[in-house]
Amino acid sequence: MSEGTRNTPIPRDTLAAILESATLAPSSHNTQPWRFELGQTGISLFADRLRALPVNDPDDRELTISCGCALFNLRIAAAHAGFNTECQLLPDPGDEDLLATVSFSPVSGEEGRQTELFLAIARRRTYRKRFEPKQVPSEVLGILEESAETEGAWFQVLESEHARHQVADLVAEGDAAQWSNPSWRRELAAWMHPRRKGDGLTVPGMVAPVAQLVVRTFDMGNGVGAKDRQLADESPVIAALGTAGDGVEDWLKAGQALERVLLRSLGQGLQASYLNQPIQVAVLRPKLQHLLGRSGFPQILLRLGYPATDLPAAPRRNLQEVVETADTRDIKAKQAGQGRQR
């Protein structure tokens, strides 16, 4: 493929629609920790470290996974718009914030448009309620396993009741550890926002200050742990998604695999939410790894099932807040340097 063919210009309105889809990716606390830079030859994806969660996610592992989810959405939206994508992960060793670059080439005909996955992007929700008591067919789980493998990850269902109960116990133990940490509670409270803010965990505006105060002040680990244990026990599917390694590139692969799994789940009528406490709490992750009985590193712990009700979409920031050009980035960098000199 020639350089000119690969770096095909995309109309601005089409590019905006592609980026809108990318921003619908899931993220911890709905922090939306990504930035996109428009260049002459494609799009660059950056981690936005200002939106990191240093207590909940000290290594930016989940932040990077979230950016991987956004990258997958970008790929699918581009395919739906008629463009193949070529992605280079971690293209600049000197810039740890630059996670990927994406270039485009046109697709002829309707093949490769990824319509089913594209339509699922806007319908995906993090479903924190109880699922319907309905079993998920094994062939559907096989589709999800294949989906993760397509992106270089693995997907493993915890099938035995004993294993599921053990995972539920680890989730409750993780809740207790996190809620007992005042710094973790303050970080959680800081991301509890009214919907108009466009990010964070949505709380009605009138009660937001009270909710934040309660979360900052009280250790509710036992109550939250009991609720999460019940959710885990009652969920039709508990599954781990993981990777062979545990570096930045692995996390980006995990994010792309996660989003493919989530979008394929939508095609089967499923929704999902997360029980990541046994991975977020460092001392519990090896226990989960041992329980899974396989090599590699669990990156995400999912519960899946058939939703009992529809949920509204989580709020999103305006596209102007997450997209910039190389010129505006240079201006910001220059201004930051001048500010340091003063």
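- For the protein chain, an unreviewed UniProt entry supplies the name Nitroreductase-like protein and the organism Marinobacter adhaerens.

### A few points about the packing of helix α2 (residues 12-22) against helix α3 (residues 61-80)
For step 1, the next point in the chain: Interhelical geometry of α2 versus α3 gives an angle of 145° and a closest axis separation of 7 Å. Handedness of the α2/α3 crossing: right-handed. In this structure, α2 contributes I18, L19, S21 and A22 to the contact, and α3 contributes A70, N73, L74, A77 and A78.
For step 2, the next point in the chain: For the contact of α2 with α3, the residue count by class is seven nonpolar, two polar and no charged.

### Focus: the environment of A52
For step 1, the next point in the chain: By secondary structure assignment, the location of A52 is in the loop between β2 (43-47) and α3.
For step 2, the next point in the chain: For A52, a relative accessible area of 19% gives the class buried.
For step 3, the next point in the chain: Sequence separation of A52 and P33 is 19 residues, and the distance between their C-alpha atoms is 6.8 Å.
For step 4, the next point in the chain: Apart from the residues within four sequence positions on either side, A52 is in contact with D60 and L63.

### As for the pairing of β2
For step 1, the next point in the chain: Of all five residues in β2, five are buried; the element is thus mostly enclosed.
For step 2, the next point in the chain: Pairing of strand β1 (residues 34-38) with β2, which is carried by five bridges, proceeds in the antiparallel orientation. Considered in β2, the bridge of W34 is made with A47.
For step 3, the next point in the chain: In this antiparallel pair of consecutive strands, β1 and β2, the connection spans four residues.
For step 4, the next point in the chain: Here four bridges tie β2 to strand β4 (residues 98-106), and the two strands are oriented antiparallel to one another. By the bridge assignment for β4, I43 is matched with V102.

About the thresholds
- Residues numbered from 1 in each chain as written.
- Predicted model: local features only at pLDDT ≥ 70, side-chain atom pairs only at ≥ 80, totals over all residues.
- Heavy atoms only, no water.
- Axes fitted to C-alpha atoms, helices over the stretch in contact; angles between N-to-C directions.
- Helix = DSSP H or I, 4+ residues; strand = E, 2+ residues; numbered from the N terminus.
- Left-handed = near helix turned anticlockwise from the far one by under 90°.
- Contact = heavy atoms within 4.5 Å.
- Nonpolar A, V, L, I, M, F, W, Y, C, P; charged D, E, K, R; others polar.
- Buried < 20%, exposed > 50% of the residue type's maximum accessible area, 1.4 Å probe, protein only.
- Pairing = 2+ DSSP bridges.

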